[in-house]
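One letter stands for each residue in the lines below.
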Amino acid sequence: MAKEEVMLDDKFNDEKFDREDVEQHLELTEEEDSPIEEVRVTVPNTDDPLIPCNTFRMWFLGLFWTCIISFVNQFFALRQTQVTIGYSVVTLVSLPMGHFMARVLPTRQWSIFGWSFTLNPGPFSIKEHALIGTMTAVNSGTAYAVDIVLLQKVFYHDTKPFIASWLLVLTTQITGFSLAGILRKFLVRPAHMIFPSTLVTVSLLRSLHHSDDHPNSNRMSRMRYFMFVTLGSCIWYFFPGYLFPTIGVISWICWIDPENAVLAQLTGSEGLGIGTIALDWSSFWVSSPLVTPWFAQVNIIIGFILVTYIMVPWAYYTDLWKSKNYPIYSPSLYRESGAPYKVDEVLTNLVFDQAKADLYGPMRMDSFFALTYGVGFAGLAATIVHVILYNGREMVQRWKEARTETDDVHSRLMSVYPEVPDWWYGLLFVVTVSLSVVTCVVWEYMPWWAVLLAIAMAIFFVLPVGVVLAVTNQAPGLNIITEYVIGYMLPGEAIPNITFKTYGYISNYQALNFVSDLKFGHYMKIPPRIMFMAQTVSAILACTINLITALWLVSTQPNICTKKGYPFTCRGTNTFYSASIIWGAIGPARTFGNKDGAIYGGIQWGFVFGAALPLVFWLAGKKFPNVAWLKKVHWPVLFAATASMPPAIPYFYTNAFVVGFVFMFFLRRYRYDWWSRYNYLTSAAMDSGVAICAILMFFALQLHGIEAPKWWGNPKDRVFDHCPLGSAPLNEVPEA
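Procedures and definitions
All chains use their own residue numbering, which begins from 1 and follows the written sequence. The predicted origin of the model limits local features to residues at a pLDDT of at least 70 and limits the giving and counting of side-chain atom pairs to 80 or more, whereas totals for whole chains, interfaces and linings rest on all residues. Values reported for side chains reflect all heavy atoms of the structure, with hydrogen atoms and water molecules removed beforehand. Helix and strand assignments come from DSSP, with helices taken as H or I runs of at least 4 residues and strands as E runs of at least 2, each series counted from the N terminus. To sort residues, take the accessible area from a 1.4 Å probe on protein chains only and compare it with the maximum for the residue type: under 20% means buried, over 50% means exposed, and anything in between is partly exposed. Any two residues having at least one pair of non-hydrogen atoms within 4.5 Å are treated as being in contact. Paired rings are identified among Phe, Tyr and Trp, the last through its six-membered ring, by centres lying within 6.5 Å, and are further divided according to the angle between planes into stacked (under 30 degrees), edge-to-face (over 60) and tilted (the rest). All axes are obtained by fitting lines to C-alpha atoms, using only the stretch in contact for helices, and the reported angles, taken between N-to-C directions, cover 0 to 180 degrees. Put simply, a crossing is left-handed when the front helix is turned counterclockwise from the back one by less than a right angle, and right-handed when it is turned clockwise. Each residue is assigned to one class: nonpolar for Ala, Val, Leu, Ile, Met, Phe, Trp, Tyr, Cys and Pro, charged for Asp, Glu, Lys and Arg, and polar for all the others, Gly among them. Note on terminology: angles under 35 degrees are roughly parallel, angles over 145 are roughly antiparallel, angles of 65 to 115 are roughly perpendicular, and the others are oblique. Pairs of cysteine sulfur atoms within 2.5 Å are identified as disulfides in what follows. The span expected for a helix works out to 1.5 Å for each residue beyond the first. Whenever a carboxyl oxygen of Asp or Glu lies within 4 Å of a side-chain nitrogen of Lys or Arg, that contact is scored as a salt bridge. Axes are fitted to the seven residues ending at a residue and to the seven starting at it; the angle between these axes is taken as the bend at that residue. Here the term patch refers to residues with relative accessible area over 30% and no salt bridge, with like charges joined within 9 Å and nonpolar side chains (Val, Leu, Ile, Met, Phe, Trp, Tyr) within 5 Å. Per-residue accessibility takes into account occlusion by the displayed protein chains alone, with areas from the Shrake-Rupley method and a 1.4 Å probe. Throughout, nonpolar core names a set of buried Ala, Val, Leu, Ile, Met, Phe, Trp, Tyr and Cys residues whose side chains join them through atoms within 4.5 Å. Think of a polar contact as two N or O atoms within 3.5 Å of one another; within protein, one of them needs to be a possible hydrogen donor and the other a possible acceptor, and neighboring residues in sequence only count if both atoms come from side chains. In predicted models, pLDDT denotes the confidence assigned by the predictor to each residue on a 0 to 100 scale.

*Asks:* I'd like to hear about the overall build of the chain, residue by residue, with values.
*Replies:* When helices and strands are counted, the chain shows 26 helices and eight strands. Each principal axis of the C-alpha atoms in the chain carries an extent, and together these give about 90 × 65 × 60 Å. Taken over 736 residues, the chain has a buried fraction of 57%. Residue pairs in contact within the chain that sit at least 24 positions apart in sequence constitute 79% of those at least 6 positions apart.

*Asks:* Describe the packing of aromatic side chains, and please don't skip the residues or the numbers.
*Replies:* If you walk through the whole model with that rule in mind, you get 54 aromatic pairs. Here Phe617 and Trp635 contribute two aromatic rings whose centre-to-centre distance is 5.3 Å and whose plane-to-plane angle is 70 degrees, an arrangement assigned as edge-to-face. Residue Phe617 is located in helix H23 (residues 606–623), and its partner Trp635 is located in helix H24 (residues 635–640); the two are separated by 18 residues in the primary sequence. With respect to class, Phe617 is no different from Trp635; both count as buried. An aromatic cluster is built from Trp321, Phe369, Tyr373, Phe377, Tyr484, Tyr488, Trp583, Phe592, Tyr600 and Phe607, whose rings are joined through pairwise contacts.

*Asks:* Mind laying out the packing of helix H25 (residues 650–670) against helix H26 (residues 672–700), listing which residues take part and the relevant values?
*Replies:* As a packed pair, H25 and H26 sit with axes 6 Å apart at the nearest point and diverge in direction by 145 degrees. Considering how the two elements wind past one another, H25 and H26 form a crossing that is right-handed. Two secondary-structure elements touch here, H25 through Phe663, Met664, Leu667, Arg668 and Tyr670 and H26 through Tyr672, Trp674, Trp675, Asn679 and Thr682. For the contact of H25 with H26, the per-class residue count stands at seven nonpolar, two polar and one charged.

*Asks:* Residue-level account of the packing of helix H19 (residues 494–524) against helix H20 (residues 528–556), with values.
*Replies:* For the pair H19 and H20, the least separation of the axes is 10 Å and the interaxial angle reads 140 degrees. Taken together, the axis directions place H19 and H20 in an arrangement best described as oblique. H20 is crossed by H19, and the crossing has right-handed handedness. Between H19 and H20, the contacting residues are Phe514, Asp517, Leu518 and Gly521 on the first element and Met531, Phe532 and Gln535 on the second.

*Asks:* Any details on the state of the cysteines? Residues and values, ideally.
*Replies:* By definition, a disulfide links the sulfur atoms of two cysteines through a covalent bond. As enumerated under the stated definition, the model contains two disulfides in all. The disulfide bridge from Cys254 ends at Cys723, spanning 1.9 Å between sulfur atoms. Taking the torsion about the S-S bond as the criterion, the Cys254 to Cys723 disulfide, at about 85 degrees, is right-handed. Of this pair, Cys254 sits in the loop between helix H10 (222–243) and helix H11 (261–267) while Cys723 sits in the segment after H26, and the two are 469 residues apart along the sequence.

*Asks:* Go over helix H9 (residues 196–209), please, and point to the residues and values.
*Replies:* The end-to-end C-alpha distance of H9, which contains 14 residues, comes to 21 Å, matching closely the 20 Å that a straight helix rising 1.5 Å per residue would cover. Most of H9 sits out of view: twelve of its 14 residues are buried. When H9 is considered as a whole, its buried residues turn out to be Pro196, Thr198, Leu199, Val200, Thr201, Val202, Ser203, Leu204, Leu205, Arg206, Ser207 and Leu208.

*Asks:* Account for the pattern of salt bridges, with residues named and values stated.
*Replies:* Tallying each qualifying case throughout the model produces eight salt bridges. A salt bridge links Asp47 to Lys127; the shortest N-O distance between them is 2.8 Å. Placement of Asp47 in the loop between helix H2 (37–40) and helix H3 (56–77) and of Lys127 in helix H5 (residues 126–137) is noted, with a sequence separation of 80 residues between them. Looking at Asp47, the relative accessible area reads 7%, which means it is buried. Arg364 serves as the salt-bridge partner of Glu336, at 3.7 Å between the closest nitrogen and oxygen. In this pair, Glu336 is assigned in the loop between strand E5 (334–335) and strand E6 (347–348) and Arg364 in strand E8 (residues 363–364), connecting sequence segments 28 residues apart. Judged by its relative accessible area of 30%, Glu336 falls in the partly exposed class. Each of Arg184, Glu419 and Asp422 takes part in one network of salt bridges that share partners.

*Asks:* Describe H25, with residues and values.
*Replies:* Its 21 residues give H25 an end-to-end C-alpha distance of 30 Å, which sits within 8% of 30 Å, the value for a rise of 1.5 Å per residue. Taking the largest bend as the criterion, H25 deviates by roughly 30 degrees, centred on Gly660.

*Asks:* I'd like a rundown of a nonpolar patch on the surface, residues and numbers included.
*Replies:* A cluster of nonpolar residues, Leu231, Ile235, Trp236, Phe239, Trp252, Trp255, Ile277, Leu279, Trp711 and Trp712, forms a patch on the protein surface that exposes about 980 Å² of accessible area. Checked against the element boundaries, Trp712 lands in the segment after H26.

*Asks:* Explain unusual backbone geometry to me, and be specific about the residues and the numbers.
*Replies:* Located in the positive-phi region is Asp319, a residue other than glycine, with phi close to 65 degrees. On the secondary structure map, Asp319 appears in the loop between helix H12 (294–317) and E5. Even without glycine at this site, Lys322 takes up a positive phi of about 55 degrees. Positionally, Lys322 belongs in the loop between H12 and E5.

*Asks:* Requested: an account of the environment of Lys160, with residues and values cited.
*Replies:* Residue position: Lys160 is located in the loop between helix H6 (146–155) and helix H7 (162–179). Separated by 283 residues in the primary sequence, Lys160 and Trp443 have C-alpha atoms spaced 7.6 Å apart. For Lys160, the contacting residues outside a window of four places in its chain are Gln152, Ser165, Trp443, Glu444 and Tyr445.

*Asks:* Quick one: what's the story with the nonpolar core, residue by residue and with numbers?
*Replies:* Core analysis: the biggest nonpolar cluster contains 207 residues, and Leu187 and Met365 have the highest contact counts within it. Residues in contact with Met365, not counting those within four places in the same chain, are Tyr326, Leu333, Ala370, Tyr373, Ile582, Thr591, Phe592 and Tyr600.

*Asks:* Describe the side chain of Glu128, with residues and values.
*Replies:* Tracing the backbone through its elements, the reader meets Glu128 in helix H5. A distance of 2.4 Å separates polar atoms of two side chains, one belonging to Glu128 and the other to Thr55. Setting aside its immediate chain neighbours within four residues, Glu128 contacts Pro52, Cys53, Thr55, Arg57, Met58 and Pro123.

*Asks:* With reference to specific residues and values, describe the environment of Gly572.
*Replies:* Structurally, the position occupied by Gly572 is in helix H21 (residues 571–586). Residue classification places Gly572 among the partly exposed positions, given a relative accessible area of 37%. Between the C-alpha atom of Gly572 and that of Trp166, which follows or precedes it by 406 residues, the distance is 20 Å.

*Asks:* Talk me through the side chain of Asn714; I want residue IDs and the actual numbers.
*Replies:* Checked against the element boundaries, Asn714 lands in the segment after H26. At 3.1 Å, the side chain of Asn714 forms a polar contact with the backbone oxygen of Pro709. When residues no more than four places from it in sequence are discounted, the contact partners of Asn714 are Tyr242, Leu243, Pro245, Thr246, Ala708, Pro709 and Phe720.

*Asks:* I'd like a description of the environment of Leu347, backed by residues and values.
*Replies:* For Leu347, the location among the structural elements is in strand E6. We classify Leu347 as buried; its relative accessible area is 9%. Spatially, the C-alpha atom of Leu347 lies 9.2 Å from that of Ile586, the residues being 239 residues apart in sequence.

*Asks:* Any chance you could break down the confidence of the model for the chain for me, citing the residues and the numbers?
*Replies:* Per-residue confidence for the chain gives a mean pLDDT of 84; residues scoring 70 or more make up 91%. For the chain, per-element mean pLDDT is lowest for strand E1 (residues 5–7), which scores 35, and highest for helix H16 (residues 422–442), which scores 94. Between residues 1–17, whose pLDDT stays under 50, and residues either more than four places distant or in other chains, the model counts 40 contacts.

Written as structure tokens, this is what we have:
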């Protein structure tokens, strides 16, 4: 075969590839495969570097969908009932759009400043499709700092200029990307750092681009299976999502005696949810039961039971912290009597006023809320100790070996593509940190040293948290520890507290979000430089649209973020507001310390227990190496079990565990052939069906005020589980 020189479509890549050498390289790797079972059954062990991905179609569709989901998701984020357009929906809709553009765009070559390109390099490729999805996936959640802007305008009545808000949102979203550079050798290249959620995406893309990887007349193709499950999920969600909401919260034990307050609190869906059955796929988001490894799900449910079914009932029914004056599960804040706590009564110019606080009385929360903070303290300490003990030697070894280590097949296939230079990440870090300092100092969000401390905390925790995320699909957040630290350093100041939390927490979160996408690109063989540019550009565009959408809603919707402003009640923003009171306006010293009669100080022992337990089990594993279950105990995951509560509700966990048992244990062990082919595809299809149905219902029905008929399965009082005492306090509460 005559040799033919071809250029990779990556415009940032100046290397040329010899087609014959590429083909020989692929032949050599076809017999190798990943040492990880989940990866072997999902990710192909071959690659063609000549497949186009850095194309006009990719950029057009990627940025188009970035604009759409950034607006829609921010719009719905402030509503009582939230709908999120995620990766799976964009992937489905963008596929026919990509094929259409491949048919109609001209194929002629264009030349600009010596750079030649074409609008249509041929058939729409799986790599283009993957990049379009990742550009939208990194922005599927709204920018966290938008809540700071909303809090200032709506709750604290402290308006900043648009440029200040934009720079705040931009820097908090982008700074984390620069941290990803130092994590590549530890989290992207190692084979056993699998990032389970990325396998669902790989499975979805393969099903859409390959009608049947293993032709067999007796088995349904992946594409057909995906379409059938998506259709079924979409049709079914119409019932719990609109016509028959009760089917999503079947609190059948509570129905035995709905007037029994204790029974209602323990079994109602708004209480601890014991026995509550949810025939609603949207309730399973908390632990992704078809994605999270079985050992991690077992750890999650154990941690959940310890906190929710043992610690919380003990604290509540012994009236610890006068818990009976408040609901057994609630994210709201209260006065000691059980009346709602109004923070305006204790602030002067947004700063805590001791004289007013003495008159108004102390702030209180329910025992569940307080205990989850203690568990959060334990989770963070456990993460550090666990990673040092179980992964420390490997991390040191990889640091020494750097890029000379023996790679698995996917790393060797990726070696064809030039890596992102370290100076790209370094320059991005310098620019974003400098802008962060200027923004916070000029517009008085917080002092310059607080910016640097927040980013330093993000850097310190990013690797241990990343290891846990890569292995278990679960990760403890830094929201609690950042609030805790700055709450002691700047007590009584709400805005600096939430700003510090956002820089520390979101920089860490975005770094791992980007690393997860790099791992996905690793599996899909996306050139790293293209991934870097696509993610950065789309993130800048998305956070800008998030901010503009939120400000538009604030200016056009009366009583926004209040019950009177229904449907724009801003549940997430109100939870953020409660946190700003606990950690900022009141401060951890008055809440968890020993100042002004603080009563929640005991939960700080969570740091000690969190650090000690992994050490104890590690030593036990060394002492008794033949006891297999000791090696399966993962304390960071155990403690992270309740990290999503609130806003997650207890029954989410129990129902997800049952589904996880069926798919990740039973089917994987006893129906492996089916599981390896359809499991991750099922997860993506169920998500897609729910999202499509929710969007259709909103625009076709709810937007026009068309409500479902009121009947037993859809009661007027919206108590869908028919268990009204589940969210009520045990003691009688005085009027506010």
